[in-house]
Amino acid sequence: QICPGGHSAPLRIVRNLAHRLAGGQGLSEMASAQELLEQSQASQETGQVQDALAAAKEAFDRFRAQGDQVGLAEALRCMVGSQIELLEVTSEAAQKVVKEEASKVKKSAPDGKIADALMGLVAAEVHFFRGESDKALRAAIDAANALAKEGADKHESIAWQMAVNAQLMRNNGPKALAAANAALSAAQKVGDRKTEGAAWLSVATARHVSGGEDAKEAAQRARGLFQELNSRPSEAAAVILLAQMEHAHGDSQAALALAREALAIARETKNGPQTASALEMVVEAQLANNSSREALEEAELVLAQVEQDAAGQPSRGVAATMSAVLLAHTAYQGIDSALALVREYTVRLRERGDKKGEVRMLHKLATMSPNPPEAMNSAQVALQLATQIGDATQEAAIKSTLTDMYVAKGKVEKAPTRKTAMKALSELVKALENKDGEKFDDTAKYLDGFYNALKQEDIETAMVRVISKDPESYMGFLKEHGQMIADEKPTAVTTGFTVKPVPHEIMYFGFTAGGISYGPRFRVNRPAYKTFNFDMTVCLSVVELPDCSDQWERELAYNPSMLDGVLQHSAATGYNL
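Residues numbered from 1 in each chain as written. Predicted model: local features only at pLDDT ≥ 70, side-chain atom pairs only at ≥ 80, totals over all residues. Heavy atoms only, no water.

Caption draft 1: Fine view of the overall build of the protein chain. Helix and strand content of the protein chain: 26 helices and four strands. Counting over 577 residues, the protein chain shows a buried share of 51%. Across the protein chain, contacts joining residues at least 24 apart in sequence account for 63% of those joining residues at least 6 apart. Split by element, the accessible area of the protein chain, about 26400 Å² in all, is 51% carbon and sulfur. (Helix = DSSP H or I, 4+ residues; strand = E, 2+ residues; numbered from the N terminus. Buried < 20%, exposed > 50% of the residue type's maximum accessible area, 1.4 Å probe, protein only. Contact = heavy atoms within 4.5 Å. Areas by Shrake-Rupley, 256 points an atom, 1.4 Å probe, with all protein chains shown as cover.)

Caption draft 2: Representation of the pattern of salt bridges in the model. Under the defined criterion, the tally for this structure stands at 33 salt bridges. For Glu100, the salt bridge identified is with Lys104, shortest N-O distance 3.8 Å. Assessed through its relative accessible area of 44%, Glu100 is described here as partly exposed. Here the salt bridges do not stand alone but share partners, grouping Arg223, Arg232, Glu235, Glu261 and Glu268 into one network. (Salt bridge = Lys/Arg side-chain N within 4 Å of Asp/Glu carboxyl O.)

Caption draft 3: Summary view of helix H10 (residues 193-210). An ideal rise of 1.5 Å per residue puts 26 Å on 18 residues; H10 measures up with 25 Å between its terminal C-alpha atoms. Among the residues making up H10, those that are buried are Thr195, Glu196, Gly197, Ala199, Trp200, Leu201, Ser202, Val203, Ala204, Ala206 and Arg207. Elements in contact with the buried residues of H10: helix H8 (153-169), helix H9 (173-190), helix H11 (215-229) and helix H12 (232-248). Measuring from the side-chain oxygen of the N-cap residue of H10 to the backbone nitrogen of Lys194 gives 3.0 Å; that N-cap residue is Asp192. Gly211 lies just past H10 and shows a positive phi near 75°. (Expected span 1.5 Å × (residues − 1). Polar contact = N/O pair within 3.5 Å; in protein donor to acceptor, adjacent residues only side chain to side chain.)

Caption draft 4: Region of the structure containing the confidence of the model for the protein chain. Of the residues in the protein chain, 82% have a pLDDT of 70 or more, and the chain-wide mean is 85. Every residue in residues 1-28 scores below 50 in pLDDT, and together they form 30 contacts with partners more than four places removed in sequence or on other chains. (pLDDT = per-residue confidence, 0-100.)

Caption draft 5: Examining helix H17 (residues 335-351) more closely. Here H17 spans 24 Å end to end across 17 residues, near enough to the 24 Å set by a 1.5 Å rise per residue. Three or more residues of H17 are buried, namely Ile335, Ala338, Leu339, Leu341, Val342, Tyr345, Thr346 and Leu349. All buried residues of H17 fall inside an arc of 165° around its axis, so they share one side. Seen from the buried face of H17, the exposed residues on the opposite side, beyond 90 degrees, are Asp336 and Glu351. Contacts made by the buried residues of H17 are with helix H15 (292-310), helix H16 (316-333) and helix H18 (355-368). Remark: Gly353 follows H17 within two positions and exhibits a positive phi of approximately 80°. (Arc of directions from axis to C-beta.)

Caption draft 6: Looking closely at the packing of aromatic side chains. Using the criterion set out here, one finds two aromatic pairs in the structure. Judged by centre distance (5.3 Å) and plane angle (80°), the ring pair of Phe440 and Phe477 falls under edge-to-face. Taken together, the positions of Phe440 in helix H22 (residues 437-447) and Phe477 in helix H24 (residues 471-486) put the pair 37 residues apart, joining distant regions of the chain. A relative accessible area of 7% means that Phe477 is categorised as buried. Between Tyr446 and Phe450, the ring centres sit 5.2 Å apart and the planes meet at 55°, which makes this aromatic pair tilted. (Phe/Tyr/Trp six-rings, centres within 6.5 Å; stacked < 30°, edge-to-face > 60°.)

Caption draft 7: Broad picture of the packing of H8 against H9. Put simply, H8 and H9 touch, their axes get as near as 8 Å, and they point 165° apart. Classified by the angle between their axes, H8 and H9 sit roughly antiparallel to one another. With respect to the hand of their crossing, H8 and H9 are arranged in left-handed fashion. In contact with Asp153, Lys154, Glu156, Ser157, Trp160, Gln161, Ala163, Val164, Gln167 and Leu168 of H8, H9 contributes Lys175, Ala176, Ala179, Ala180, Ala182, Ala183, Ala186, Ala187, Lys189 and Val190. Taken together, the residues of the contact of H8 with H9 sort by class into twelve nonpolar, three polar and five charged. (Axes fitted to C-alpha atoms, helices over the stretch in contact; angles between N-to-C directions. Parallel < 35°, antiparallel > 145°, perpendicular 65-115°, else oblique. Left-handed = near helix turned anticlockwise from the far one by under 90°. Nonpolar A, V, L, I, M, F, W, Y, C, P; charged D, E, K, R; others polar.)

Caption draft 8: Structural detail: the nonpolar core. By size, the foremost hydrophobic cluster in this structure holds 109 residues, and its most contacted members are Val80, Leu279, Val283 and Tyr345. For this core, the leading source of residues is helix H6 (residues 112-129), giving eleven residues. Those residues within four positions of Val80 in sequence are excluded, and the remaining contacts are Ala94, Val98, Val122 and Val126. (Core = buried A, V, L, I, M, F, W, Y, C linked by side-chain atoms within 4.5 Å.)

Caption draft 9: Local environment of a positive patch on the surface. Together, Lys99, Lys135, Arg138, Lys419, Lys423, Lys430 and Lys439 give the surface a local cluster of positive charge. Secondary structure elements with two or more residues in the positive patch: helix H7 (133-149) and helix H21 (418-434). Relative to the helices and strands, Lys99 is located in helix H5 (residues 91-103). (Patch = residues over 30% accessible without salt bridge, like charges linked within 9 Å, V, L, I, M, F, W, Y side chains within 5 Å. Lys, Arg positive; Asp, Glu negative; His and termini not counted. Charge placed at Lys NZ, Arg CZ, Asp CG, Glu CD.)

Caption draft 10: Just unusual backbone geometry, in detail. Non-glycine residue Asn230 carries a positive phi angle of around 55°. Mapped onto the fold, Asn230 is located in the loop between H11 and H12. In the Ramachandran plot, Lys270 falls in the positive-phi region, its phi being about 55° despite a non-glycine side chain. With respect to the element layout, Lys270 can be found in the loop between helix H13 (252-268) and helix H14 (272-288).

Caption draft 11: Molecular detail of the environment of Val407. With respect to the element layout, Val407 can be found in helix H20 (residues 392-408). Residue Val407 is classed as partly exposed on the basis of its relative accessible area, which comes to 28%. In this view, Val407 contacts Val412 and Asn452; residues no more than four positions away in its chain are not counted.

Caption draft 12: Representation of the side chain of Asn172 in the model. Mapped onto the fold, Asn172 is located in the loop between H8 and H9. A polar contact of 3.3 Å, which involves the side chain of Asn172, links it to the backbone nitrogen of Lys175. Not counting residues within four places of it along the chain, the set of residues in contact with Asn172 comprises Gln167, Asp442 and Lys445.

Caption draft 13: Examining the packing of H21 against H22 more closely. Interhelical geometry of H21 versus H22 gives an angle of 160° and a closest axis separation of 9 Å. Looking at the two axes, H21 sits roughly antiparallel to H22. The two elements H21 and H22 cross, and the hand of that crossing is left-handed. Contacts from Thr420, Ala421, Ala424, Leu425, Glu427, Leu428, Ala431 and Leu432 in H21 reach Lys439, Phe440, Thr443, Ala444, Tyr446 and Leu447 in H22. Tallied by class, residues from the contact of H21 with H22 come to ten nonpolar, two polar and two charged.

Here it is, written out as structure tokens:
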């Protein structure tokens, strides 16, 4: 039998027996430990990381005293995440602690298998902080499968939700959606509305990112559940996602209304990071409505409130809110004024000891500066500081920026993401050689974010070696899995002639092989279609511009990717269907 909390009946019996053996003290201690764990989780949701850490540490000690391995593992995940977030420990040190605690789990105990699986989730959490999406994915899936065997449905759902995040980090929308559906299925078995709400939010996110249908409906269902529970931070997260969906569909007025609603909730709970996310969406919607002055005024007001909440102490929300202000400032005051402001923000964050915020502003300066030497220097300083404090998330983003800079200078061999790109290319070629379709698809999606760190000869050397063994067979494999990667519609017949999709990744792979390396933001043709059995060759493409632009691009009359995308479209005519 399965208990409402997702634990097996034998585990519940053992806990009750332990309480009785403790002379009546165990029950109150256990309840207190569980309450502390829930308090820590609630503090994390509202961005109060210090409070979350204090409660998690106390819960951890009490669970250990009670011999509750499951509770200890849950508390450890909260504790480790908060410590890394606050820079109290490095991710390397946290990894050692997790391994040590995992080795102490008594797997033969009634709660041993569940506790061991939950330790896998703690390991996945650390891998996320280290930017190791592949290891985080493996750990999350292994934990989900183990928890499913033990009937721990609530924890299984959480594990699948972590797998969703890992798949999204790897640009794999379809598999993210599959993981989200698994999370929802497990959550609905439990009957825990909060877990189900979180699962619906994962489904909505995965549908939105992968272009699936009914993303809005899933987000609205998540929001409804969170409203019933009066879970304000979770509700705000669902509303922000709904605002992003409306914005993506071109309804800036609806997006603005939703973003302001989320902003009000975030301000009510004094959640700095969530305030910044909602404000960014407010600014984006205001700019889409050509209301740059109003966007700036609103953003500056919110920043003053967030800084007042922080009371001079380092806070994630301050720097993120500053970024939203910079977006509005650039649109209204121009790039020169915004550059002066980002330099001022950098100093302010440094003075308050907010190293993560300082990294963010230095990176922002690197992407905004029209002076290549200054941009390169700012990015390198930002990378050095991010590495020093162990912020793997910002470190990865800065490396991507530096890669673009080195590629622009014709020095791709110095690109910091080149090693990752070469490793991914090697995995792609191996999958091609083995005709492993699933591995090829997954690796191609992941490699999509690193193609610009490859040289023409890298691809030619790697691919030709395999294709030359059996050109017809391997080219057939590439075409087949190119269409799968692009997730295109099946062949359609229209007015007497037939059109077929040109695989998106294969088309850009051809560009790279020809010496033109487009990064992810500049691969704007999706999809391209080509006719055949017609009296002339005709191609049709949809140019889909990226949602985000660099600061300098906002000063232009039109997005520079537009014309380039039209020119890229001509490559579809050369694709052999």
